[in-house]
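Listed below, chain by chain, are the residues.
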Protein chains: 4
Amino acid sequence: MTITAAEQWAGFKPIVTADDYVASLRGRATTVYMFGELIEEPVDHPIIRPSINALAKTYQLAIDEPELATAHSPLINAPVNRFLHIVESPQDLVMKNKMQRRMGQLTGTCFQRCTGLDTISVLHSITYEIDAKHGTRYHQRFLAFLKRAQAANILIAAGMTDPKGDRSKRPSEQVDPDLFMHVTKRDADGIYVTGAKAHMTGGLNSHWICVMPTMNMGEADKDWAVVGMIPNEAPGITYIYGRQSCDTRALEPGDIDKGNAQYGGQEVLVVFDNVFIPHDHVMMDGEYEFAQEMVARFTAYHRASYVCKTGLGDVMVGAAAAIAQFNGADAASHIKDKLVEMTHLNETIYSSGIASSHEAKQLPSGIFMNDAMLANVCKQNVTRFPYEIARLAQDIAGGLMVTMPSAADFEHEVAGPMLKKYLKGRGNVPVEHRQRMLRLIENMTLGRNAVGYLTESMHGAGSPQAQRIQILRGMEVERKKDYAEALAGIEYEDGV
Amino acid sequence: MTITAAEQWAGFKPIVTADDYVASLRGRATTVYMFGELIEEPVDHPIIRPSINALAKTYQLAIDEPELATAHSPLINAPVNRFLHIVESPQDLVMKNKMQRRMGQLTGTCFQRCTGLDTISVLHSITYEIDAKHGTRYHQRFLAFLKRAQAANILIAAGMTDPKGDRSKRPSEQVDPDLFMHVTKRDADGIYVTGAKAHMTGGLNSHWICVMPTMNMGEADKDWAVVGMIPNEAPGITYIYGRQSCDTRALEPGDIDKGNAQYGGQEVLVVFDNVFIPHDHVMMDGEYEFAQEMVARFTAYHRASYVCKTGLGDVMVGAAAAIAQFNGADAASHIKDKLVEMTHLNETIYSSGIASSHEAKQLPSGIFMNDAMLANVCKQNVTRFPYEIARLAQDIAGGLMVTMPSAADFEHEVAGPMLKKYLKGRGNVPVEHRQRMLRLIENMTLGRNAVGYLTESMHGAGSPQAQRIQILRGMEVERKKDYAEALAGIEYEDGV
Amino acid sequence: MTITAAEQWAGFKPIVTADDYVASLRGRATTVYMFGELIEEPVDHPIIRPSINALAKTYQLAIDEPELATAHSPLINAPVNRFLHIVESPQDLVMKNKMQRRMGQLTGTCFQRCTGLDTISVLHSITYEIDAKHGTRYHQRFLAFLKRAQAANILIAAGMTDPKGDRSKRPSEQVDPDLFMHVTKRDADGIYVTGAKAHMTGGLNSHWICVMPTMNMGEADKDWAVVGMIPNEAPGITYIYGRQSCDTRALEPGDIDKGNAQYGGQEVLVVFDNVFIPHDHVMMDGEYEFAQEMVARFTAYHRASYVCKTGLGDVMVGAAAAIAQFNGADAASHIKDKLVEMTHLNETIYSSGIASSHEAKQLPSGIFMNDAMLANVCKQNVTRFPYEIARLAQDIAGGLMVTMPSAADFEHEVAGPMLKKYLKGRGNVPVEHRQRMLRLIENMTLGRNAVGYLTESMHGAGSPQAQRIQILRGMEVERKKDYAEALAGIEYEDGV
Amino acid sequence: MTITAAEQWAGFKPIVTADDYVASLRGRATTVYMFGELIEEPVDHPIIRPSINALAKTYQLAIDEPELATAHSPLINAPVNRFLHIVESPQDLVMKNKMQRRMGQLTGTCFQRCTGLDTISVLHSITYEIDAKHGTRYHQRFLAFLKRAQAANILIAAGMTDPKGDRSKRPSEQVDPDLFMHVTKRDADGIYVTGAKAHMTGGLNSHWICVMPTMNMGEADKDWAVVGMIPNEAPGITYIYGRQSCDTRALEPGDIDKGNAQYGGQEVLVVFDNVFIPHDHVMMDGEYEFAQEMVARFTAYHRASYVCKTGLGDVMVGAAAAIAQFNGADAASHIKDKLVEMTHLNETIYSSGIASSHEAKQLPSGIFMNDAMLANVCKQNVTRFPYEIARLAQDIAGGLMVTMPSAADFEHEVAGPMLKKYLKGRGNVPVEHRQRMLRLIENMTLGRNAVGYLTESMHGAGSPQAQRIQILRGMEVERKKDYAEALAGIEYEDGV
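## As for the packing of aromatic side chains
Thought 1: Using the criterion set out here, one finds 32 aromatic pairs over all chains in the structure.
Thought 2: With centroids separated by 5.0 Å and ring planes inclined at 20°, the aromatic side chains of Y21(B) and Y59(B) adopt a geometry described as stacked. Of this pair, Y21(B) sits in helix α2 (residues 18–25) while Y59(B) sits in helix α3 (residues 49–64); the two residues are 38 residues apart in sequence, bridging distant segments of the chain. Y59(B) shares its class with Y21(B); the two are buried.
Thought 3: Connected via pairs of aromatic rings, a cluster forms that spans W9(A), F12(A), F145(A) and W208(A).
Thought 4: When the ring centre of Y192(A) is taken as origin, the NZ or CZ atom of K185(A), which lies over that ring, is 4.5 Å away.

## Structural notes on the relation of the copies chain A and chain B
Thought 1: Once turned by 180° and shifted 0.0 Å along the axis, chain A lies on chain B with an RMSD of 0.0 Å. The superposition of one copy onto the other is thereby described by a two-fold rotation axis.
Thought 2: Both copies share a contact surface, since 100% of the interface residues of chain A are interface residues in chain B too.

## Quick notes on the sheet that holds strand β2 (residues 37–38) of chain C
All names here are of chain C.
Thought 1: As summarised here, the arrangement of the six strands in space is β2-β1-β10-β11-β7-β6, forming an open sheet in which the pairing is mixed. A strand with exactly one partner marks an edge of an open sheet, and here the two such strands are β2 and β6 (182–186).
Thought 2: In the sheet, strand β1 (residues 31–34) pairs with β2 via two bridges, with the strands oriented antiparallel. Residue pairing for β2: M34 is matched across the bridge by E37.

## Topic: the side chain of T348(C)
Thought 1: For T348(C), the position within the fold is in helix α10 (residues 333–358).
Thought 2: For T348(C), a relative accessible area of 0% corresponds to the buried category.
Thought 3: Not counting residues up to four positions away in its chain, the partners in contact with T348(C) are T348(B), V377(B), N381(B), N381(C) and F385(C).

## Things to note about the interface of chain A and chain B
Thought 1: Contact residues are listed per partner, giving 70 residues for chain A and 70 residues for chain B.
Thought 2: Where chain A touches chain B, the interface holds eight salt bridges.
Thought 3: The interface formed by chain A and chain B includes 34 residue pairs in polar contact (both at pLDDT 80 or more).

## Structural notes on unusual backbone geometry
Thought 1: In this structure, F35(A) is a non-glycine residue whose phi angle is positive, near 50°.
Thought 2: Along the chain, the position of F35(A) falls in the loop between β1 (31–34) and β2 (37–38).
Thought 3: In this structure, N274(D) takes a positive phi of about 50° despite not being glycine.
Thought 4: Residue N274(D) is classed as partly exposed on the basis of its relative accessible area, which comes to 31%.

## Considerations on helix α16 (residues 448–459) of chain A
The α-helix winds at 3.6 residues per turn, so residues separated by three or four positions along the chain end up facing the same way.
Residues and elements named next belong to chain A.
Thought 1: Here α16 contains 12 residues, and its C-alpha end-to-end distance of 16 Å stays within 8% of the 16 Å for a straight helix at 1.5 Å per residue.
Thought 2: The buried count for α16 comes to 12 of 12 residues, which makes it a mostly enclosed element.
Thought 3: Looking at α16, one finds that the buried residues are R448, N449, A450, V451, G452, Y453, L454, T455, E456, S457, M458 and H459.
Thought 4: Positive phi shows up at A461, right after α16, with a value of about 60°.

## Structural notes on the sheet that holds strand β9 (residues 226–231) of chain A
Paired through their backbone hydrogen bonds, the strands of a sheet run either parallel or antiparallel.
Residues and elements named next belong to chain A.
Thought 1: Strand order in this open sheet of four strands is β5-β8-β9-β12, and the pairing throughout is mixed. On the outer flanks of this sheet lie β5 (156–159) and β12 (282–285), each paired with one strand and no other. When strand polarity is set aside, the average angle formed by the axes of neighbouring strands in this sheet is 25°.
Thought 2: In the packing of helix α7 (residues 138–152) onto the sheet, contacts are made with β5, β8 (208–211), β9 and β12, and the angle to β12 comes to roughly 150°.

## Some details on the pattern of salt bridges
Thought 1: The full count for this structure, using the stated rule, is 144 salt bridges over all chains.
Thought 2: A salt bridge links K421(B) to D176(A); its shortest N-O distance comes to 2.7 Å. Taken together, the positions of K421(B) in helix α14 (residues 415–422) and D176(A) in the loop between β5 and β6 (182–186) put the pair across two chains.
Thought 3: With its nearest N and O atoms 3.0 Å apart, the salt bridge here joins E388(C) to R391(C). Note that E388(C) and R391(C) are positioned in helix α12 (residues 385–397) at a spacing of three residues, about one turn of the helix.

## Describing the state of the cysteines
Two cysteines whose sulfur atoms are joined by a covalent bond form what is called a disulfide.
Thought 1: Using the criterion set out here, one finds zero disulfides over all chains in the structure.
Thought 2: Not part of a disulfide, C308(B) finds its nearest cysteine sulfur in C114(B), a span of 5.6 Å.

## Side note on helix α17 (residues 464–474) of chain D
Thought 1: Residues P464(D), Q465(D), Q467(D), R468(D) and I471(D) constitute the buried set of α17(D). Buried residues of α17(D) fall within an arc of 155° about the axis and therefore sit on the same side.
Thought 2: If you follow the buried residues of α17(D), they end up packed against α10 (333–358) of chain A, α10 and α12 of chain C together with α8 (291–305), α11 (372–382) and α16 (448–459) of chain D.
Thought 3: Looking one or two places after α17(D), you find E476(D), whose phi comes out positive at around 50°.

## Quick notes on the packing of helix α15 (residues 431–445) of chain B against helix α18 (residues 477–488) of chain C
Thought 1: Following both chains from N to C, one finds α15(B) and α18(C) inclined at 95°, their axes separated by 9 Å at the closest point. When the interaxial angle is binned, α15(B) and α18(C) end up roughly perpendicular. Residues R436(B), M437(B) and L440(B) of α15(B) form the contact with α18(C), whose own contacting residues are A484(C), E485(C), L487(C) and A488(C).
Thought 2: The residue makeup of the contact of α15(B) with α18(C), split by class, is five nonpolar, no polar and two charged.

## A few points about the confidence of the model for chain A
Thought 1: Confidence in the prediction for chain A averages 97 pLDDT; 99% of positions are at 70 or higher.
Thought 2: This prediction of the complex comes with two scores: 0.98 for pTM and 0.97 for ipTM.

## Focus on the pairing of β1(C)
Two faces make up the sheet, and in a regular strand the side chains alternate between them.
Residue and element names in this part refer to chain C.
Thought 1: Where β1 meets strand β10 (residues 237–241), three bridges bridge the pair, whose relative direction is parallel. Pairing of Y33 across the sheet is with I240, part of β10.
Thought 2: Where β1 folds back on β2, the antiparallel hairpin that results is connected by two residues, among which F35 adopts a positive phi of roughly 50°.

## Considerations on the environment of K361(C)
All names here are of chain C.
Thought 1: In this fold, K361 is placed in strand β13 (residues 361–362).
Thought 2: C-alpha separation for the pair K361 and S89, spaced 272 residues apart in sequence, amounts to 8.5 Å.
Thought 3: Among all residues touching K361, those that are not within four sequence positions of it are I367, F368 and M369.

## Quick notes on the pairing of strand β3 (residues 70–73) of chain C
Residues and elements named next belong to chain C.
Thought 1: With four bridges joining them, β3 and strand β4 (residues 78–81) adopt antiparallel strand pairing. Of the residues in β4, the one forming a bridge with H72 is P79.
Thought 2: From the end of β3 to the start of β4, which pair antiparallel, there are four residues, and N77 there has a positive phi angle of about 50°.

## Some remarks on the side chain of H182(B)
Residues and elements named next belong to chain B.
Thought 1: For H182, the position within the fold is in strand β6 (residues 182–186).
Thought 2: With relative accessibility at 9%, the residue H182 sits in the buried group.
Thought 3: Engagement of the side chain of H182 in a polar contact is seen with the side chain of D178, the distance being 2.8 Å.
Thought 4: When residues no more than four places from it in sequence are discounted, the contact partners of H182 are P177, Y192, V193, T194, D223 and W224.

Calculation rules
Residues numbered from 1 in each chain as written. Chains lettered and ligands numbered in written order. Predicted model: local features only at pLDDT ≥ 70, side-chain atom pairs only at ≥ 80, totals over all residues. Heavy atoms only, no water. Phe/Tyr/Trp six-rings, centres within 6.5 Å; stacked < 30°, edge-to-face > 60°. Helix = DSSP H or I, 4+ residues; strand = E, 2+ residues; numbered from the N terminus. Buried < 20%, exposed > 50% of the residue type's maximum accessible area, 1.4 Å probe, protein only. Lys NZ or Arg CZ within 6 Å of the ring centre and 35° of its normal. Least-squares fit on C-alpha atoms with pLDDT ≥ 70 in both. Contact = heavy atoms within 4.5 Å. Pairing = 2+ DSSP bridges. Salt bridge = Lys/Arg side-chain N within 4 Å of Asp/Glu carboxyl O. Polar contact = N/O pair within 3.5 Å; in protein donor to acceptor, adjacent residues only side chain to side chain. Expected span 1.5 Å × (residues − 1). Axes fitted to C-alpha atoms, helices over the stretch in contact; angles between N-to-C directions. Disulfide = S-S within 2.5 Å. Arc of directions from axis to C-beta. Parallel < 35°, antiparallel > 145°, perpendicular 65-115°, else oblique. Nonpolar A, V, L, I, M, F, W, Y, C, P; charged D, E, K, R; others polar. pLDDT = per-residue confidence, 0-100.

See below:
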């Protein structure tokens, strides 16, 4: 059951095109359940495939727009996909944000590759700092891993969220120790871990999973303070596929009612049963005091990554403008005003995300990290504005969005002509254009990609209250009291 | 093809119980298409049945809570279902609102019987006033129809929204005259109408459809100014069933993933091809100048009927509170504060609805009508607050709502135990309780009943801008300018 | 120093007109401080007079619109000012709300008479219930007082808010016992009280002050559980006048820059130093267990009384519409839309207020009390919407509202012609009209009456969090969980 | 009356300290009216002085924090105050924003120097482009002026907003040509201009005024297309001082009730009557086609300058936190949550401002300009969030903010001890601290600095609708439609 890091890498050959990527997922020894059944070949499953397509687009974009989606890696002295690039400057983070927005525009969904990117960013600095304190060699292991990852252009997914069990108890205090991932055995070759990672975005579509702690830990939680890189098809891993609103429309014939037939997101529960990790792929084991900072840095990166939703917001603005035109309502001043409001909210999100990136600061390992306050502000806005943008899009769309018969009815010999006669839009707009645009808005506000645009915007990278706690911690209220007291003329005798 | 009113009524026998109602829908000669297929027996279709159940509950409630859901009808000197009762006082409208909220609490969806109720309310006064001006006999026809309807306890659906075609053109100016329903022929027995009515809520589940104009009309539009009562199975009618988010989950085995397995809404496109209406069931034919007022009164009644959504809001509050408890988060102050906010918004909607009813005024026919300003204010709030309540419910629910595997996976011999181990909630709360509650919140915020709770709240009884236009018309800005000018000390020489 | 109730009443003669009222305030033996000076005759003080004018309007309205502002009192079998009328039905509460809105329209400020009205309402039931439990005779005393009050048509102010000191301590636990008003001595003639009442709206302009507890009390707080009626000029009372934004503009010549030259509000701190109350005017003394319910009922009445702010909202809408017209911008669609939004928010407040009144329930003493949930909802909306209405009014007004020179400059021989040339509005609108309307909006959004329209809307009748606590208590979350669990299909084995 | 540029500059000697600046304003030949009177020496006027202090702080900051408030000018090869620095990089704009926020924290008001800064920025590129097209020499004139300005460290104010008269008419169409500033005469030495500039922020406190067009112009408006630099004391200029809420508190003794005794803003109407400008100080004369772009660029710079309000927001957060502590309420979870919300909104504004700066692009003249979309988004947020921050601050402050007696009463021998006894805050917090902090919050939400924090936030740099129009223009809706159509599967035959 043990295997060396080199052996684990042996099967990977460099991925260049989107097709290469799809091919790389075929024939893997993964155990995947969905709807109570074992899935033979996930790549060909009509519900799973759109989520693979979204990821494949990250490879395509690197070819189509290399200045945006690639960067020069000094590690291997070659261009790499930006999703595998180490952040060398604030500008790198800004370019990341622009790539994320672009990907959102092109896919209209969650393209699932950001958690891996933000994971390698945080590991760069944390491994460096653990080594500095403990004399460990995690940073070199990390760099070695990353060189191989860049060369092979593989995909990494972050496995962070443990099930947590009783929220009032620490990992070591839980009745069931597996409710947080932990080391069950250590030997000369490596370590073994057991537990589960929930809400894993794109977990099944990646090549490697980086497991890491989900919250701060104490000395008693040492066995739970573990970071390691695990190949997706490692023995002992089970994937159970999460349902999404309207997921089974992907099983229906035709593409119209799917709304966005090509792209979708993916969430899986991943269960690890004594999964082996060779030492070369272990990047924390017991250094519990770094868990909290690791999570804080990950959220600083990842909460700003949610600017991707502005790409989806662009699609919403475009969809609303298009359906208004198809309906013949685009000249109404209230329609224009709603499009302005949608844009304003969307750009406000974008502002807080890129501001956080522009204001990044350098860490001891040399990497740059987003401004934490603004990253939290960005994510907090993401938990609000997409809902309002979606509401306005539904307002503009009109009620037909939820009363329109199926595409099959439009093709029926009796019903079809009736529908085409009565549901015709303005002028010579084909009724199918209305169908398609309404289904896209349904897809993004109620259907499969509403999961990514709305609920994931709420809870991904931490629920709203998590951001508020960080804002509370970072708001420097004492300094601000000083400003107010100075202006109010309040003086303290001791000068404090 | 002609048939008398009496003949049309011959087939109806009085409905008492919910079962009677379901039985009354069986074996009808209706033509219904869904997913490109003709539906043999709609009553037994798993997608349609939940919408029938919701309506059936209106019969059940009359038995379970007669003081709420019945009233004494002076027309037949007997108790009748309140959904068929003529509004004799403001208190009747308030009781209607309370019944609507109760129905929302019990079904968590649109129970589809309000359009018929508000239709008979508006016809009472409009037919009276047409007769007063034109010497017609519509009011007597209406009262005769209503007596039969009350005695048989049948269901009426409102057929109001025409497809409208080119929005810049009047009915008589459209290229295709059928884009607004119109009279195609008149003879000694009755009239024939052709056209379509879109977004017909519960249209298939009713016994009679009242077709009526959707907007103001001019003299050239006389043939389009038509109101008539048509049995659902009248020859020439075709129903095409509207899709809803997650509609096909009703076809899946098991009830958990449905969220709300028992109840759902229904929207149909109804096409009328030279459908005959005997004179006794014609209640407007050509009196175009009453079309605008008819619509205005219908919206005054119907926009206040949207207090039903506060019943769904109660379910949302309860669901959020329950999942918070299952998650072990119910003691957190931010959770309590969000429940308070949800309640506050919900009760604000309720306030504007019942205030509109309490402030009802009597019309010449003796019936009472909601205060129009407050009804519009109610509906405008309904286009906003349910979206925010839904957002807060998703916040409290947590991300698992959109990442949880299917119920079938929970039953699988391998995946099931993993899920039960890792997705367990607090203490001894069964994992199935979490499943069910999360699926209910999914159902109401993204799934089938999100159509009723959100999008229908937006567009039903008129889209937001329609209310704003009414508020603009009714805001009495000149009177308010006078107040301001008096306080500002502005005097006009001519006293104006 | 002791004096009988009859002696206390001896000096009052019935007030009919607004002038009678003003006359009744002259020559009183009150001790009033403002700007560090003792005020000789408050009635003639230019800062105080506008607040007296606002109250005087309550007398005028009873003459001008008796159907609105008077009611028949069975106690004295005669018409009385509605501000002294006992609530005999929900309709009485609704009429109260309509009168309050009307007063707001006419004065554009806080007219200060509602606390007294809501005080007599709450005393009716509470004294009745204390008597029922303790065999006391408070209710008869109350009715005797009220008859005299109605006959003399006097003004009562509520003295409720104690300074409270250390918020974490009960009254009896405070270092200084006076931080809550308490009984210092009892003798055969009556009792003596010491303490202070803060934020007393119109406290100086009334004839009687009703002191009463501000929060729940325990057995140790018996001496603090006191309710009594005290004449404004009773020995031992000191008034200290509260500042308001722009208060000293009332001292300037001319009326333009005052914005609303005629009307204003008033807040005073009232200090009581061993003030005597004859037994006949004591209505609680030691029955501490009724303190909490007394406060709860007072807030149920008083939070709905804040519909008065919709009268001010009407003035805001009118002022915004007028200045838009003077500026030549009234045809712009965004201006109209903002007026609609202001109206919508204003009517939403109104809805929750009158809904609370319409849904009033009868108490054991026979009086009716507002629905507490909806009253809290009303007040919560009042803590939000006036701020947004004010913001929109400032938007419409334009920047000139805060950059316009003084009225004196408009009259200056050099500056005046320049201002009249350059600040002219559209067409033949006199520049003075612009001046006056902009100053009115300044007055209500930044100036003296912004205190009443904004900050008092926030904190009067309890700050926002106080309403949220009441909403939390009254939201019946268990009942709502039942709805959700029923729809989700959750069953408990023990049927719970 | 003619005078050369050199002569105009002769009187200026380099300003270094804040005192130098104040001294430079003394004894000038300006004509200033306030309250209908000619002001002898504005510098010593208690209402005017706080606005001078705010500007003086810009000189002080350059000494205290040179890295923030100075920059190296290549024009004179020396460090200059950043308010006079040409934007050489996006980073320069970001530093400008940080300096603006810092100034807001230090003064709590509008410090009035940004319009001049943004004016020189826009003139750099516009003069360059006019020259390129017309062969004029404006750019050299501008650079010459700027060198002198930098060397002397003087203050420039922007004179942009014309009174506009009838909004439906162009400048040349107005009945009174002076309603837009225009050239009345041209001769060998220079030009003469007549008109007025309204809402001039800090207009009286500056050394030079740059007059420039306020909107787009056509060929007929050539005489109105004029840009020139005019010394403040040029013959023919009259200043009329704008009133502000609570302005006269500055005339009262004591500093407590002023809230912010040291700093305030200033708005003046400036009237120009045939004011002479030597050719060297003319930078546009007739090139009407550049007027629109000039305004667009100015707003791109200036709307991002409104991040200054986040400095005031910091004061609001600090003031709210301080008063909560003084009141003993700072541990309440709802208080903390409100502080978080205030911070979140404030940082959201900051994000959009600095994002706009970071994303600046270079113009042909070499200068960098803010991203226009994000600058508009920033300003749009500024028209909303300060109002909500102010509302929350009032919520936290409590009602005492508007009911507290004057500072003089606290000093009175009778009233003072009462107030100190009853209005004491928690523990050993001196009552004066509560007074001061409440007055500061009053100052910023209702009083003098509410003008700067609220109403100027609404209308400065263009009212909200102006930003919405710019967002509409820049939202690239066709590109976004393409995204939506691609995802919806809509294809056009002609590929369009």
